[in-house]
Amino acid sequence: MKRVLAVVIALAFAPLAGAQLYKYVDKDGKTVYTDQPPPNVETKVVNVPKSPPPAAAPAKDAPAANKTALAKDKDAEKGREQVREQQKKQEEAAEKQRLAEQRCTQARTALQQYTAGGRIARYTEKGERIYLSDEEIAAGRDKARREVEEACKTS
């Protein structure tokens, strides 16, 4: 009995499904959809498909719609593993960037020491202080400048 009633109701509303649908904005700014266009209002006709579009056939290698719980769990674990790998790559990239910035800062500090002027000293293996000559300072300045160019080229 219920099935017959459902079929009768569906058949009664079938002609309405193919009717025109109009869309307009009322005076309060609300969008209204109706089957009767109001007078003196600009309306747009909305195309409503008469039947639902056919479902696409599943590809041969597409996973079945009814996956088992084990298969769903494996898929979820794959997703979690991909997220972990992505996070690891991001952390490695951040650490690489931090080390590059640190190297750049050290190179700039060394260059600043050579260009500031004054006497520069170094220590021997015995702990004796030896002052660098002007030629050694100039060579160190050139070397520090090349290191800054190399270490800071992305900054």
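Please refer to the structure placed before this passage.
Because the structure is a prediction, the values reported are computed rather than measured.

## Some points on the overall build of the protein
Counting its regular elements, the protein contains three helices and five strands. The helix and strand sequence of the protein, counted from the amino end, reads α-β-β-β-α-β-β-α. Residues counted as buried form 10% of the 155 residues belonging to the protein. Taking contacts inside the protein between residues at least 6 apart in sequence as the whole, the part at least 24 apart equals 31%. A total accessible area of about 13,800 Å² is found for the protein, and carbon and sulfur atoms account for 54% of it.

## Considerations on the pattern of salt bridges
Here the structure, examined in full by the defined rule, presents seven salt bridges. With its nearest N and O atoms 4.0 Å apart, the salt bridge here joins Asp-73 to Arg-80. Note that Glu-77 and Arg-80 form a salt bridge whose closest N and O atoms lie 3.0 Å from each other. With Glu-77 and Arg-80 both in helix H2 (residues 69-115) and three residues apart, the pair spans about one turn of that helix. Of the residues examined, Glu-77 reaches a relative accessible area of 35% and is grouped as partly exposed. What makes Arg-80 partly exposed here is its relative accessible area of 40%. A single network of salt bridges, built from pairs that share partners, joins Asp-73, Glu-77, Arg-80, Glu-81 and Arg-84.

## Some details on helix H3 (residues 134-151)
A rise of 1.5 Å per residue sets the reference length of H3, with its 18 residues, at 26 Å; its end C-alpha atoms lie 25 Å apart and thus fit the reference within 8%. Within H3 the residues assigned to the buried category are Ile-137, Gly-140, Ala-144, Val-148 and Ala-151. Relative to the axis of H3, the buried residues are bounded by an arc of 75 degrees and lie together on one face. Looking at H3, the residues exposed on the side facing more than 90 degrees away from the buried face are Glu-135, Arg-146 and Glu-149. Contacts made by the buried residues of H3 are with H2.

## Section: the sheet that holds strand E1 (residues 21-25)
The sheet built from three strands is open, its strands ordered E2-E1-E3 with antiparallel pairing. With one partner strand each, in any of the chains shown, strand E2 (31-34) and strand E3 (44-46) form the two edges of the open sheet. Neighbouring strand axes in the sheet, compared pairwise and without regard to direction, differ in orientation by 30 degrees on average. Here four bridges tie E1 to E2, and the two strands are oriented antiparallel to one another. The residue of E2 that forms the bridge with Lys-23 is Tyr-33.

## Some thoughts on the state of the cysteines
Using the criterion set out here, one finds one disulfide in the structure. Each sulfur in the disulfide pair Cys-104 and Cys-152 lies 1.7 Å from the other. Because the sign of the S-S torsion sets the handedness, a value of about 110 degrees for the bond joining Cys-104 and Cys-152 places this disulfide among the right-handed ones. Taken together, the residues span a long stretch of sequence, with Cys-104 in helix H2 and Cys-152 in the segment after H3 at a distance of 48 residues.

Each value, and the rule that gives it
Residues numbered from 1 in each chain as written. Predicted model: local features only at pLDDT ≥ 70, side-chain atom pairs only at ≥ 80, totals over all residues. Heavy atoms only, no water. Helix = DSSP H or I, 4+ residues; strand = E, 2+ residues; numbered from the N terminus. Buried < 20%, exposed > 50% of the residue type's maximum accessible area, 1.4 Å probe, protein only. Contact = heavy atoms within 4.5 Å. Areas by Shrake-Rupley, 256 points an atom, 1.4 Å probe, with all protein chains shown as cover. Salt bridge = Lys/Arg side-chain N within 4 Å of Asp/Glu carboxyl O. Expected span 1.5 Å × (residues − 1). Arc of directions from axis to C-beta. Pairing = 2+ DSSP bridges. Axes fitted to C-alpha atoms, helices over the stretch in contact; angles between N-to-C directions. Disulfide = S-S within 2.5 Å.

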